[in-house]
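Breakdown of the fold
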Amino acid sequence: MNEELLKFSKEELIELISIYSKNSLALDGVWFQSVEHKLGMDEAMFHDAEAWKRFTVTEARRIKAFLKLPENPGLEGLAAALKLRFNANINRHEIILQDGKLVFRNTECSVQKARKKKGMELHPCKPVGLIEYAGFAAEIDNRISCRCISCFPDSTGDGTGCAWEFYLTR
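Residues numbered from 1 in each chain as written. Predicted model: local features only at pLDDT ≥ 70, side-chain atom pairs only at ≥ 80, totals over all residues. Heavy atoms only, no water.

1. Examining the overall build of the protein chain
Secondary structure assignment for the protein chain yields five helices and four strands. At 17 Å, the protein chain has a C-alpha radius of gyration in line with the 15 Å of a compact globule built from 170 residues. The principal-axis extents of the C-alpha atoms in the protein chain amount to approximately 45 × 45 × 25 Å. Evaluated residue by residue, the protein chain yields a buried proportion of 38% over its 170 residues. Look at the contacts in the protein chain between residues 6 or more apart in sequence, and 59% of them connect residues 24 or more apart. Entry remark: accessible area of the protein chain is about 10,200 Å², with carbon and sulfur atoms responsible for 56%. (Helix = DSSP H or I, 4+ residues; strand = E, 2+ residues; numbered from the N terminus. Rg over C-alpha atoms; globule rule 2.2 N^0.38 Å. Buried < 20%, exposed > 50% of the residue type's maximum accessible area, 1.4 Å probe, protein only. Contact = heavy atoms within 4.5 Å. Areas by Shrake-Rupley, 256 points an atom, 1.4 Å probe, with all protein chains shown as cover.)

Here you go:
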């Protein structure tokens, strides 16, 4: 462990976590935009999908271990894990767990917000979102399936948020 971290207060460490989250998201955006500008959106989306196939599994595995979740923690375990994702403290979201389903809704996406602010087209994140959310859920509990409720470019509202439904299949 980095001994420097021991010098900080709890509040400072929480602020540092927020900085790390923003930095991680910025890195994701910077590499994506580099490929997008050089090779186009289709090529950038291909590489984004490949990256998320691997990253989402690693992220879910680490969070599951941190929370000490059992092998099949169900939708309750998924809800706990979604709250700790690297971007969970910078994107506004809500989680609704009822009637044997979990709905995760990003009400404010920092990626879409940043692209809009820069005058860029919104990120067509649905294909990668399916990989990301379904992969994360399956790593938490392999009985969980995911479907997109709304995500750009197939979205409702202003397109800057998305919604995903999770349910047990076995």
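Right, picking up where we left off after that structure.
2. Brief notes about helix H3 (residues 74-82)
Within H3, seven of the nine residues are buried, which leaves it mostly tucked inside the rest of the structure. Buried within H3 are the following residues: Gly74, Leu75, Gly77, Leu78, Ala79, Ala81 and Leu82. Buried-residue contacts for H3 involve helix H2 (41-67), strand S1 (92-98), strand S2 (101-108), helix H5 (126-140), strand S3 (144-150) and strand S4 (162-168).

3. What about unusual backbone geometry?
Between phenylalanine 152 and the following residue, proline 153, the backbone shows a cis peptide bond with an omega angle of 15°. In the Ramachandran plot, aspartate 99 falls in the positive-phi region, its phi being about 55° despite a non-glycine side chain. With respect to the helices, strands and loops of the structure, aspartate 99 is situated in the loop between S1 and S2. On the basis of relative accessibility, which here comes to 72%, the residue aspartate 99 falls in the exposed class.

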